[in-house]
Every structure is written in structure tokens, then in C-alpha cells.
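Descriptive structure summary
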Amino acid sequence: MVLALTLVVDSNILFAAMIKGGANAKLLLSDRLSLIAPERLFEEFKKYEEILLKKTHRSKEEFEKFLEILQEKIEVIPKDEFEPWLEEAKEKSPINDFPFTALAKACNCAVWSNDKEVKEFMLRTGFVEVLSTKEVLERLELR
Amino acid sequence: MAELMLPKDLEDRIKEFPEVNWSAVARKAVGEKLEKLAFMKYFASESEMTDEGSIRLGKELNKKLAAWYRGK
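For clarity, every value in this text was computed on a predicted model and none was experimentally measured. (Residues numbered from 1 in each chain as written. Chains lettered and ligands numbered in written order. Predicted model: local features only at pLDDT ≥ 70, side-chain atom pairs only at ≥ 80, totals over all residues. Heavy atoms only, no water.)

This brings us to the overall build of chain B. From N to C terminus, chain B includes 3 helices and 0 strands. Counting helices and strands in the order they occur from the N terminus, chain B gives α-α-α. For a compact globule of 72 residues, the expected C-alpha radius of gyration is about 11 Å, and chain B comes in at 22 Å, more than 25% above that figure. Across its three principal axes, chain B shows a C-alpha extent of roughly 55 × 35 × 20 Å. With 72 residues in all, chain B has 24% of them scored as buried. Just so you have it, chain B exposes about 5400 Å², and 61% of that area is on carbon and sulfur atoms. Charge-centre separation for chain B: the mean point of 14 positive side chains lies 10 Å from the mean point of 13 negative side chains. (Helix = DSSP H or I, 4+ residues; strand = E, 2+ residues; numbered from the N terminus. Rg over C-alpha atoms; globule rule 2.2 N^0.38 Å. Buried < 20%, exposed > 50% of the residue type's maximum accessible area, 1.4 Å probe, protein only. Areas by Shrake-Rupley, 256 points an atom, 1.4 Å probe, with all protein chains shown as cover. Lys, Arg positive; Asp, Glu negative; His and termini not counted. Charge placed at Lys NZ, Arg CZ, Asp CG, Glu CD.)

Next comes the structure, spelled out in C-alpha cells:
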């Protein structure tokens, strides 16, 4: 068992926090996780507001509160801080996932993602580790 | 009643400020955390988001994010 983990949060985890009865939201707020994300993640996430309001049946104000809670918990890391790893990450990651893997490499931690394709790709290259929600819960012995 | 486990150094630092009601500080922190957890549960309680949907939207977002990083 590990007491605490630092993880790079993939965008699918933010969307998964809205799954009814899912474990992701609770885990996102766990004090046993230090969570980081690449610069610009929240700006892009906010563009999905209209879609997410329809999917969740919640108000704009409630969505803003949801976002505020996530932003309090997830530290956004400026691109400059992991830029040296971006080129290698482009070669060793799925085409659109290099900002997350570069940040994980720079911080010597894993990416938290439920995308199986990303997991399989990263297992092949060995560039950084990818943990699913189920695996994060197992590492923390929460299930 | 629940007891809080604190590391020794924190206990020592707390003792330096006996004028502070530390139980109230802890109650407030616990209350705020519970409020956030309850809100997250409420927020998703009528949601139609699925595992597959979260992956699909994640891929879509990552494509736009990657384009920004490539400077396009």
C-alpha cells in the first residue's frame, strides 16, 4: 500500500467525475492524491460547458462550483516546466497525449487515465506509467 | 467522538497557540471537505455521463490541447 501518490490527471478523469455513483469524483478530492495537470487543460475543459450542462442536468452556477472544486485540488503546471520532455513525449506517446506524459516524466509520476489505448501504448514504450481509476484505488488500498 | 491523529511537530506547533480553538478549526475543515464531497455527489446524481462518454470526450479534448501545444 502507498500512503500518497502524485498523479497527472488526464482529461477523461475530469469527465468521469460526472459519472453517477462513480469513484472518480471522491478520488479526485482524496487528500492522499497530489494532482497536477498541464497548462491549458481547464481552458479546454470549460469549452465543454454546454454539453456538460445537458448531460448533468445542472445549472451554469453549479457547473462553475464543480469547476472551482476541481481547480482548487488540481495544480496546473506551466508548459515551461516540462517543455524539455515534450519532444520525447511526442515520439513515445499516442499522438494527442504528449502534454500529459511529458508532465508525468518531468515530475517522475504516473498519468491517471481510464483510456485503455493510452495505457497499452505507454506499456509498449515504457516512457511513463498510466494508472486507471481501479489501479489508483488498489494502490491506495481503497477497494 | 472522533480523534485526530497529528504528527508530533504539528502538535508542538499547536501548543504554541493556546488562544486558538483548534477543535473549531478542525470542525470547520472537516465540514468544508464534507460539503465538497456532498456537492460532487449531488452534481453527478442525475448525470447521463458514462465511462465510454468520458473517454470519448477526453480524447476530443486532448486533441485540441495537443494542437495548442504544437502551436497550431
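Text resumes after the structure shown.
Next up on the list: the environment of Ala104 of chain A. All names here are of chain A. Mapping Ala104 onto the fold places it in helix 7 (residues 98-107). On a C-alpha basis, the gap between Ala104 and Arg124 in space is 16 Å, while along the polypeptide they are 20 residues apart. Residues in contact with Ala104, not counting those within four places in the same chain, are Val8, Cys109, Ala110, Val111 and Val128. (Contact = heavy atoms within 4.5 Å.)

Let us now look at the pattern of salt bridges. Applying the stated criterion across every chain yields a total of 18 salt bridges over all chains. Across the pair Arg58 of chain A and Glu46 of chain B runs a salt bridge, and its minimum N-O distance is 3.8 Å. One end of the pair, Arg58 of chain A, is in the loop between helix 4 (49-56) and helix 5 (60-73); the other, Glu46 of chain B, is in the loop between helix 2 (22-44) and helix 3 (51-69), on a second chain. Among the salt bridges present, the one from Glu88 of chain A reaches Lys92 of chain A, with a minimum N-O distance of 2.6 Å. Of this pair, Glu88 of chain A and Lys92 of chain A both sit in helix 6 (residues 86-92), separated by 4 residues, roughly a single helical turn. Assessed through its relative accessible area of 28%, Glu88 of chain A is described here as partly exposed. (Salt bridge = Lys/Arg side-chain N within 4 Å of Asp/Glu carboxyl O.)

Residues and elements named next belong to chain A. Counted residue by residue, strand 1 (residues 5-9) has 4 buried out of 5 residues, so it is predominantly covered. Note that strand 1 and strand 2 (residues 33-38) share 4 bridges and pair parallel. Directly across from Val8, in strand 2, lies its bridge partner Ile36. Where strand 1 lies against strand 4 (residues 110-112), 3 bridges are found, and the strand directions are parallel. Bridging from a neighbouring strand, Leu7 pairs with Ala110 of strand 4. (Pairing = 2+ DSSP bridges.)

Read from one edge to the other, the open sheet built from 5 strands follows the order 3-2-1-4-5 (chain A), with strand pairing classed as parallel. The open sheet is flanked by strand 3 (74-77) and strand 5 (130-131) of chain A, the only strands paired with a single partner.

It is worth spelling out the side chain of Thr101 of chain A at this point. All names here are of chain A. Mapped onto the elements, Thr101 comes out in helix 7. Of the polar contacts made by the side chain of Thr101, one reaches the backbone oxygen of Phe98; its length is 3.2 Å. Apart from the residues within four sequence positions on either side, Thr101 is in contact with Ala89, Ser93, Val111, Met122, Phe127 and Val128. (Polar contact = N/O pair within 3.5 Å; in protein donor to acceptor, adjacent residues only side chain to side chain.)

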